[in-house]
Amino acid sequence: MADLTPTPNRPGLHVSKPSPNAPATGSAVCHCEASATATSDSQVKALVEGYSANHGPAHHRTEARR
């Protein structure tokens, strides 16, 4: 399986939850060089919400308005 962890050269968001009883883990890297990691279902949920609102897709919405 390919390594799906985001890097500065491949920015993005990766979330993993290997089983229903295991905690979720997540990592995010944006092309603006911001990065974050999270461990636990609630922290990963916050990571995804923050990344979606402020990085990744949010940068594309901002650039489209220019």
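Residues numbered from 1 in each chain as written. Predicted model: local features only at pLDDT ≥ 70, side-chain atom pairs only at ≥ 80, totals over all residues. Heavy atoms only, no water.

> Got a minute to help me understand the nonpolar core in this structure?
Taken as a class, soluble globular proteins show a tendency for nonpolar side chains to be buried jointly. Counting 7 residues, the largest nonpolar core is built from Ala24, Ala28, Cys30, Ala38, Val44, Leu47 and Tyr51. Here the element with the most residues in this core is helix α1 (residues 41–54); it accounts for 3 residues. When residues no more than four places from it in sequence are discounted, the contact partners of Cys30 are Pro11, Tyr51, His55, Gly56 and His59. (Core = buried A, V, L, I, M, F, W, Y, C linked by side-chain atoms within 4.5 Å. Buried < 20%, exposed > 50% of the residue type's maximum accessible area, 1.4 Å probe, protein only. Helix = DSSP H or I, 4+ residues; strand = E, 2+ residues; numbered from the N terminus. Contact = heavy atoms within 4.5 Å.)

> How do you make sense of the sheet that holds strand β1 (residues 12–16) when you look at a structure like this?
In a beta sheet, neighbouring strands pair by backbone hydrogen bonds and run either parallel or antiparallel. The strand order across the open sheet formed by 3 strands is β1-β2-β3, and the pairing between neighbours is antiparallel. Each edge of the open sheet is held by one strand with a lone partner, namely β1 and β3 (35–39). Pairwise comparison of adjacent strand axes, ignoring direction, gives a mean angle of 5° for this sheet. Both β1 and strand β2 (residues 25–29) contribute to a ladder of 5 bridges, which runs antiparallel. Across the sheet, residue His14 finds its bridge partner in β2, namely Ser27. Here α1 sits on the sheet and contacts β1, β2 and β3; the angle it forms with β2, its principal contact strand, is near 20°. (Pairing = 2+ DSSP bridges. Axes fitted to C-alpha atoms, helices over the stretch in contact; angles between N-to-C directions.)

> Would you mind going over the pairing of β3 with me for this structure?
With 5 bridges connecting them, β2 and β3 associate as antiparallel partners. Bridging across to β3, Val29 finds its partner in Ser35. In textbook terms, the turn of a hairpin is the stretch between consecutive antiparallel strands, and for β2 and β3 this stretch comprises 5 residues, one of which, Glu33, has a positive phi near 80°.

Fair warning: the whole summary comes from geometry, so function is off the table for now.
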